[in-house]
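Okay, here's what each chain looks like letter by letter:
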Amino acid sequence: MDYKEMIDAGKTAIGIEFGSTRIKAVMVDMIGKPIAEGGHTWENQYENGLWTYSLDMIWTGLQDAYKQLAEDVQTKYGTVIRTTSAIGFSAMMHGYMAFDKEDRLLVPFRTWRNTVTGEAAAELTKEFGFNIPQRWSIAHLHQAVLNQEPHVPDITFFTTLAGYIHWQLTGEKVLGVGDASGMFPIDSRTRNYNKDYLAKYEALVADRGFSWKLSEILPKVLTAGQAAGTLTAEGAAKLDVSGNLAYGIPLCPPEGDAGTGMVATNSVAVRTGNVSAGTSIFAMIVMERALKEVHEEIDVVTTPVGDDVAMVHCNNCTSDINAWANVFRQFADAIGAPVDTDKLYTTLFTAALDGAPDCGGLAGFNYFSGEPVTGFTEGRPVFARKVDADFSFANFMRLHLYSAVSTLKVGLDILLQGEGVRVDRLYGHGGFFKTKEVGQRIMSAATGGPITVMETAGEGGAWGMAVLALYMAAAESTSLSAYLNEVIFAGEKGVTVTAEEEEIRGFDRFMETFKATIPVEKAAVDTLV
């Protein structure tokens, strides 16, 4: 069967993921090989002190990404998409989308990027004895409660972006356990919301007179492989405005970008982990045991099947690199030597490898937004240097690559050194690793161990979501980990890079400077208003 016949017969699956700057759609064959893709670029808006995407942006972006996928199929195979074996949606985790009994969005979508829930997060962490980060959905809800926001009594349902899309296309108010674990703590034994914490929360707000209970307004939790509804006729029309796509197609549980990253890097088994590095950066390690202490720098979420995962999440990664790349692009244009994007980034990243292991006395912070791991509710990008620093192009670029991962290093040290969490394999994926070897070597210097990038890592979360859609048909006979090893990643080894000992020591020296100059970042936030 050729690809045209496969597509016509529905022997494919589709995954669509809403990232911070791009909505990507991927079609795969029945063993997970990508055969077509589409995408839509978008950017969050800062409105009334909050980061958001409008509903119009969400639907316009989804429809355009799907349209681009359909056009890619038409161009490559001379056919149209009328059906597929399964579809899955994923998106940025956390955030807050609250609805009333008429299914109306009560306040604009509040994304994970907002760091305005410090009071709520601290109160819930103390109440539960479990770390509740600021970006978690329950922190957003509780902050709205504490602020006595007028919409709170009218809530009948709240969910994540992926959960919203899935609900609108199927009518099902469900969520994959990995995404749900970024809304409210999950009990890995039951693969569901922690009943003790639910009871504690409902007692905490009992005197406020709400008509709702938290357990009633959260989406239902599903694990990977479970059926999560089918595409309705209305949903098919919303997704494919051309009208070619049939309704009745099965959908798998919607997931968060952390879960799809684990799938895309084959790191859902115990003692495996991955680092996702793009607009934000996070590391996830599947744990053998629970953490000994509560750490505000570390989240505990789950894999798409509900196993506990330690997660160090940082809001900032490549945005400052992108800003500097744009400056260099402008300079190239100004001297009449325009450069294409791939060459620009490859040149900038590769130059970093020639820099001093400790960046030669340069320092900086890549904080476009707040960074709870280091205690910041707001951010200001900062570049600084000692008077006698070796201010070279190579050191400048190495500094910015170090800056992109330095806050992650703070959290990983707590996890790996303080808690003694073991990891046998650490995989990298995301734009930071796109240039051959460079991102891996920098990340290896930060973690002190090898970093592997799989051949499929560039496919990203949308591809991971398509794999989860495929897995529904195999879930009754095999585990997700076995399915990934035996079907999706069979024979794939990837490329592993390990930093030299001097690079590791250099990064440690850089971190001493980084920590010592945190007051500089604080002063920037306080004065650059």
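None of the values given here were measured: they were computed from a predicted structure. (Residues numbered from 1 in each chain as written. Predicted model: local features only at pLDDT ≥ 70, side-chain atom pairs only at ≥ 80, totals over all residues. Heavy atoms only, no water.)

Enquirer: Could you clarify how one ought to interpret the overall build of the protein chain in this entry?
Expert: Scanning the protein chain from terminus to terminus reveals 18 helices and 22 strands. A compact globule built from 529 residues would reach a C-alpha radius of gyration of about 24 Å, and the protein chain, at 23 Å, matches this within 12%. Seen along its three principal axes, the alpha-carbon backbone of the protein chain occupies a region of about 65 × 65 × 45 Å. Counting across all 529 residues of the protein chain, residues that qualify as buried make up 58%. Across the protein chain, contacts joining residues at least 24 apart in sequence account for 72% of those joining residues at least 6 apart. For the protein chain, the exposed surface amounts to about 21,000 Å²; the carbon and sulfur share of it is 50%. Averaged over its 43 positive side-chain charges, the protein chain has a centre that lies 2 Å from the centre of its 65 negative ones. (Helix = DSSP H or I, 4+ residues; strand = E, 2+ residues; numbered from the N terminus. Rg over C-alpha atoms; globule rule 2.2 N^0.38 Å. Buried < 20%, exposed > 50% of the residue type's maximum accessible area, 1.4 Å probe, protein only. Contact = heavy atoms within 4.5 Å. Areas by Shrake-Rupley, 256 points an atom, 1.4 Å probe, with all protein chains shown as cover. Lys, Arg positive; Asp, Glu negative; His and termini not counted. Charge placed at Lys NZ, Arg CZ, Asp CG, Glu CD.)

Enquirer: Help me out: how do you make sense of the pairing of strand 20 (residues 425-429) in this one?
Expert: Two faces, one strand: in a regular strand the side chains alternate between the faces of the sheet. Within strand 20, 4 of the 5 residues are buried, leaving the element largely enclosed by the surrounding structure. In terms of strand pairing, strand 14 (residues 272-277) meets strand 20 through 5 bridges, oriented parallel. Its bridge partner being in strand 20, Val275 is matched across the sheet by Gly428. (Pairing = 2+ DSSP bridges.)

Enquirer: Help me out: how do you make sense of helix 5 (residues 161-170) in this one?
Expert: Owing to its 3.6 residues per turn, the α-helix brings residues three or four apart onto one side. With 9 of its 10 residues buried, helix 5 lies for the most part within the structure. Considered for burial, the residues of helix 5 that qualify are Leu161, Ala162, Gly163, Tyr164, Ile165, His166, Trp167, Leu169 and Thr170. Positive backbone phi, approximately 85°, marks Gly171, located one or two places after helix 5.

Enquirer: How should I be thinking about the environment of Phe376 in this particular structure?
Expert: Turning to its location among the elements, Phe376 is positioned in the loop between strand 18 (362-365) and strand 19 (382-385). You can call Phe376 buried: its relative accessible area is 8%. Measuring from C-alpha to C-alpha, the distance between Phe376 and Trp136 comes to 16 Å, with 240 residues separating the pair along the chain.

Enquirer: Mind showing me how you'd approach the side chain of Glu521 here?
Expert: For Glu521, the position within the fold is in helix 18 (residues 518-527). For Glu521, the contacting residues outside a window of four places in its chain are Phe365, Tyr367, Phe376, Gly379, Arg380 and Val382.

Enquirer: Looking at this model, I keep getting lost on the nonpolar core. Mind explaining?
Expert: If you look at soluble globular proteins, the nonpolar side chains tend to sit buried side by side. Counting 127 residues, the largest nonpolar core has Leu141, Tyr201, Leu214 and Phe432 as its most contacted members. A per-element tally of this core places helix 13 (residues 393-418) first, with 11 residues. Not counting residues within four places of it along the chain, the set of residues in contact with Leu141 comprises Tyr96, Ile155, Phe158, Tyr201, Trp212, Leu214 and Ile217. Ile58, Val73, Tyr164 and Ala236 belong to the second largest nonpolar core, which has 41 residues in total. (Core = buried A, V, L, I, M, F, W, Y, C linked by side-chain atoms within 4.5 Å.)

Enquirer: In this structure, what is going on with empty space enclosed by the protein? I would like to understand it.
Expert: Where empty space is left becomes clear once a probe the size of a water molecule has been rolled over the atoms. Taken as a whole and assessed by the stated rule, the structure comprises 2 cavities of 30 Å³ or more. Reported here for the largest cavity is a volume of approximately 50 Å³. Classifying every residue of the lining of the largest cavity gives 5 nonpolar, 3 polar and 1 charged. Roughly 40 Å³ of volume is contained in the second largest cavity. Residue lining of the second largest cavity: Gly176, Thr223, Ala224, Gly225, Cys252, Pro253, Glu255, Pro304 and Leu468, and that is the complete set. Among the residues making up the lining of the second largest cavity, the classes are represented as 5 nonpolar, 3 polar and 1 charged. (1 Å grid on protein atoms, 1.4 Å probe; cavity = no way out; pocket = protein on both sides within 12 Å on 5 of 7 lines; lining within 4 Å. Points joined across faces, edges and corners; volume = space filled by probe spheres on them. Nonpolar A, V, L, I, M, F, W, Y, C, P; charged D, E, K, R; others polar.)

Enquirer: Explain the sheet that holds strand 13 (residues 255-256) here, please?
Expert: Hydrogen bonding along the main chain pairs the strands of a sheet, whether they run parallel or antiparallel. Spatial strand order, 3-2-1-6-13: 5 strands in an open sheet with mixed pairing. With one partner strand each, in any of the chains shown, strand 3 (34-41) and strand 13 form the two edges of the open sheet. Sheet contacts for helix 2 (residues 55-77): strand 1 (13-18), strand 2 (22-28), strand 3 and strand 6 (86-91); angle to strand 3, the most-contacted strand, approximately 145°. (Axes fitted to C-alpha atoms, helices over the stretch in contact; angles between N-to-C directions.)

Enquirer: How should the packing of helix 15 (residues 460-471) against helix 16 (residues 480-488) be read in this particular structure?
Expert: A packed helix pair is summarised by two numbers, namely the angle formed by the two axes and the spacing between the axes. The contact between helix 15 and helix 16 brings their axes to 11 Å, and the two run at 105°. Between helix 15 and helix 16, the interaxial angle falls into the category roughly perpendicular. Counting all contacts with helix 15, which are made through Trp463, Val467, Leu468, Leu470 and Tyr471, the residues of helix 16 involved are Leu480, Tyr483, Leu484 and Ile488. Of the residues in the contact of helix 15 with helix 16, the class split is 9 nonpolar, no polar and no charged. (Parallel < 35°, antiparallel > 145°, perpendicular 65-115°, else oblique.)

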